[in-house]
Amino acid sequence: MEFPFKLRVVNEFDVVGFGTNAVDFLIQVPAYPEFNTKVRLDEYVQAAGGEVATTMAGLQRLGAKTAYIGRFGDDAAGEIGLQSLREEGVDVSLAETIPGAATQIAFIVIDARNGERTVIWNRDARLAYSAAEAPVSVVDKARVLHFTPHDAAACLVLAKRARSEGVVVSADIDSVFDGAEELFGYVDVFIASSDLPAKLFGTIEAKDALLAINKRFGCPIVGLTLGTSGSLIYCNGAFVESPGFAVPGGCKDTTGAGDSFRVGFLHGFLNGKTVEESCTMANAVAALKCRAIGARTALPTTDELDDLIEGKQFTRDSR
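This one's a predicted model, so the numbers in the text were calculated from it and none came from an experiment. (Residues numbered from 1 in each chain as written. Predicted model: local features only at pLDDT ≥ 70, side-chain atom pairs only at ≥ 80, totals over all residues. Heavy atoms only, no water.)

Novice: Honestly, the overall build of the protein chain in this entry has me stumped. Any pointers?
Specialist: When its secondary structure is counted, the protein chain shows nine helices and 14 strands. Oriented by its inertia axes, the alpha-carbon framework of the protein chain measures out at about 55 × 50 × 40 Å. Taking all 319 residues of the protein chain together, the buried fraction comes to 55%. Contacts in the protein chain between residues far apart in sequence, at least 24 positions, make up 68% of those at least 6 positions apart. Accessible surface, the protein chain as shown: approximately 13400 Å² in total, 50% of it carbon and sulfur. (Helix = DSSP H or I, 4+ residues; strand = E, 2+ residues; numbered from the N terminus. Buried < 20%, exposed > 50% of the residue type's maximum accessible area, 1.4 Å probe, protein only. Contact = heavy atoms within 4.5 Å. Areas by Shrake-Rupley, 256 points an atom, 1.4 Å probe, with all protein chains shown as cover.)

Below you can see the structure in the form of structure tokens.
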């Protein structure tokens, strides 16, 4: 199945990302602790994360030209976050450091038995963008605009500009923020976490949810990430069900798996693949990411991605 829209032929960046960055404090424990107990940790890692920043790093690692726009605090965590993107080659010339603000952080508890995690996070209000602060001019330099809707008013300004300039709009959605539903009408690639439909519609089956999102907002591609089960996409009047991959060596940490799915999906789109092929790439990138603790630690190279898909080194999950 072909994608229902075309990429701009030439531009400065393949993808411009606008939204969240973070520094994660990841704690692996033998089993998730019960209330009012103590548990000795197995491993502790401090690493850069954040949905959009991670997606830009992953795309850059796969050969795309990316730029990240977002705000950091003027603290040690902010320098870690910025430097991590610079090291990947992501353009951060329009990223900002806000005096007196604290960089977004997350404390993440990982269950060593299965790699599942619980995230405890906070974002300083001074990192938010208003509609008037939206960096509109950068949209003209992109082929794809990718964002999280935390600063929905600013995202709406950018999405409207993207629509007028023929820039494909991709969104990473796991919750509904004030003003987000108006924004969704400007999204071309609407990929959400599996728990979003309940927040929008209450109890609903996955396929019914995608049909409802498509009808309500008109997004050409709507999809859900389904963890080890893979993904479900609705496009051009048909569903694409793509199974997951076994994590090589076993799942160590699911932090950032959804962000990594977007990496693989956009990578496929940027390289002229079909929707089905892009879904396979997306699930493969997500599985490879889960090899190690941290959102970006094990993001794959193109060789690693190709090897997993082609079965040269790893075995496809039969689920």
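Novice: I tried to follow the pattern of salt bridges on my own but got confused; where do I start?
Specialist: Think of it this way: side chains of opposite charge can pair up when their charged atoms draw near. Under the definition given, this model contains 15 salt bridges. A salt bridge links R71 to E133; the shortest N-O distance between them is 3.4 Å. Placement of R71 in strand β5 (residues 71-73) and of E133 in the loop between β8 (117-122) and β9 (142-147) is noted, with a sequence separation of 62 residues between them. In this structure R71 comes out as buried when scored by relative accessible area, which is 10%. Note that E165 is salt-bridged to R161, the shortest N-O span being 3.9 Å. With E165 and R161 both in helix α3 (residues 152-165) and four residues apart, this pair spans about one turn of that helix. (Salt bridge = Lys/Arg side-chain N within 4 Å of Asp/Glu carboxyl O.)

Novice: What is the right way to look at empty space enclosed by the protein in this model?
Specialist: In this approach the atoms are scanned with a rolling probe the size of a water molecule, which exposes any empty space left behind. Tallied over the entire structure, the rule returns two cavities of 30 Å³ or more. Size it by volume and the largest cavity reaches roughly 40 Å³. Taken together, G19, T20, N21, Y68, R71, Q104, R123 and L127 make up the lining of the largest cavity. Per-class residue counts for the lining of the largest cavity are two nonpolar, four polar and two charged. Empty space within the second largest cavity amounts to approximately 30 Å³. Considering the residues around the second largest cavity, the lining is formed by F18, G19, I69, G70, R71, R123, Y129 and D151. Each residue belonging to the lining of the second largest cavity can be placed in one class, and the counts come to three nonpolar, two polar and three charged. (1 Å grid on protein atoms, 1.4 Å probe; cavity = no way out; pocket = protein on both sides within 12 Å on 5 of 7 lines; lining within 4 Å. Points joined across faces, edges and corners; volume = space filled by probe spheres on them. Nonpolar A, V, L, I, M, F, W, Y, C, P; charged D, E, K, R; others polar.)

Novice: Please clarify how the layout of surface pockets should be interpreted in this entry.
Specialist: When its volume is computed, the largest pocket comes out at roughly 1200 Å³. Lining the largest pocket are 47 residues, and of these R117, T254, G256, A257 and G258 sit closest to its centre. Going through the elements one at a time, β2 (22-29), β7 (105-111), β8, α7 (257-270) and α8 (275-289) are the ones with two or more residues in the lining of the largest pocket. The element best represented in the lining of the largest pocket is α7, accounting for five residues. Each residue belonging to the lining of the largest pocket can be placed in one class, and the counts come to 17 nonpolar, 19 polar and eleven charged.

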